[in-house]
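Structure assessment
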Amino acid sequence: MAQASAPRNRKPAKLTPAKVRLAAEIRDQLKAQGGAAHRDVVIGRILQRRGVHGPAAERTRRALLSAFELHAHPEPGSEARRLFDLPFGPDSYRWALDERARSGITF
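Once a new chain begins, its residue numbering starts again from 1 and follows that chain's sequence as written. Per-residue local features are limited, in this predicted model, to residues with pLDDT of at least 70; the limit for side-chain atom pairs, both in listing and counting, is 80 or more; totals at the level of whole chains, interfaces and linings are taken over all residues. In computing side-chain properties, one takes all heavy atoms of the structure into account and sets aside hydrogens as well as water.

**Overview of the packing of aromatic side chains**
Rule in force here: Centres within 6.5 Å are what make two rings of Phe, Tyr or Trp a pair, Trp counting through its six-membered ring; a difference in plane orientation under 30 degrees is then read as stacked, over 60 as edge-to-face, and the rest as tilted. By definition, any uninterrupted DSSP run of H or I lasting at least four residues is a helix, any uninterrupted run of E lasting at least two residues is a strand, and each is numbered from the N terminus. Partly exposed describes any residue whose relative accessible area lies between the buried limit of under 20% and the exposed limit of over 50%, with all areas from a 1.4 Å probe on protein chains only and scaled to the type maximum. A positively charged side chain is recorded as over a ring if its NZ (Lys) or CZ (Arg) lies within 6 Å of the ring centre. The angle to the ring normal must also be within 35 degrees.
Inspection of the entire model under this criterion finds 2 aromatic pairs. Summarising the aromatic geometry, the rings of Phe-68 and Trp-95 are spaced 4.0 Å apart at their centres and angled 5 degrees between planes, so their arrangement reads as stacked. Here Phe-68, found in helix H3 (residues 54-72), pairs with Trp-95, found in strand E3 (residues 94-97); they are 27 residues apart in sequence, far enough to count as distant. Pair check on accessibility: Phe-68 and Trp-95 agree, each one buried. Members of the aromatic cluster, connected to one another through ring pairs, are Phe-68, Phe-84 and Trp-95. One Lys or Arg, Arg-39, reaches over the ring of Tyr-93 and ends 3.8 Å from the middle of that ring.

Following this line, the structure appears as structure tokens:
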């Protein structure tokens, strides 16, 4: 039997210029992967490209996860646009571009 996701008790993430930049990096990496990839691959390639290691890598990883969540499930009234999707459900680690964002990719 699958467990339900834990309720979210944290305040919703706020859209900031840094989160917009991180979302753009995620979007670019997903486009390079054909529109979808495991989140560890996406994050790993971004960290590698930036040359980030150690504690800074963990901070950046958490920031990338937050930016993905903000743009995968924007709160009503948020300025964040829906860019990302979890195609295999909420417990999946597979990240994908939202259908509208994916339409611009040519193979």
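Having seen the structure, we can now continue with the description.
**As for the pattern of salt bridges**
As a reminder, the rule being used: When a carboxyl oxygen of Asp or Glu lies within 4 Å of a side-chain nitrogen of Lys or Arg, that pair is called a salt bridge.
A full pass over the atoms with the stated rule returns 7 salt bridges. For Asp-28, the salt bridge identified is with Arg-27, shortest N-O distance 3.5 Å. Residue Asp-28 is classed as partly exposed on the basis of its relative accessible area, which comes to 43%. Looking at Arg-27, the relative accessible area reads 25%, which means it is partly exposed. The salt bridge involving Arg-82 is made with Asp-98; its shortest N-O contact spans 3.0 Å.

**So, the sheet that holds strand E1 (residues 36-38)**
To keep things clear, this is the line we draw: Only strands that DSSP links by at least two bridges are regarded as paired with each other. Between two residues, a contact is recorded if the distance between any of their heavy atoms is within 4.5 Å. Orientation is described by lines fitted to C-alpha atoms, with helices fitted over the stretch in contact, and by angles between N-to-C directions that extend from 0 to 180 degrees.
Ordered in space as E1-E3-E2, the 3 strands form an open sheet in which the pairing is antiparallel. Where the open sheet ends on each side, the last strands, each with one partner, are E1 and strand E2 (84-85). Of the pairings in the sheet, the one linking E1 to E3 comprises 3 bridges and is antiparallel in character. In the strand pairing of E3, His-38 is matched with Arg-94. Against the sheet, helix H2 (residues 39-50) engages E1 and E3, with an angle of about 90 degrees to E1.

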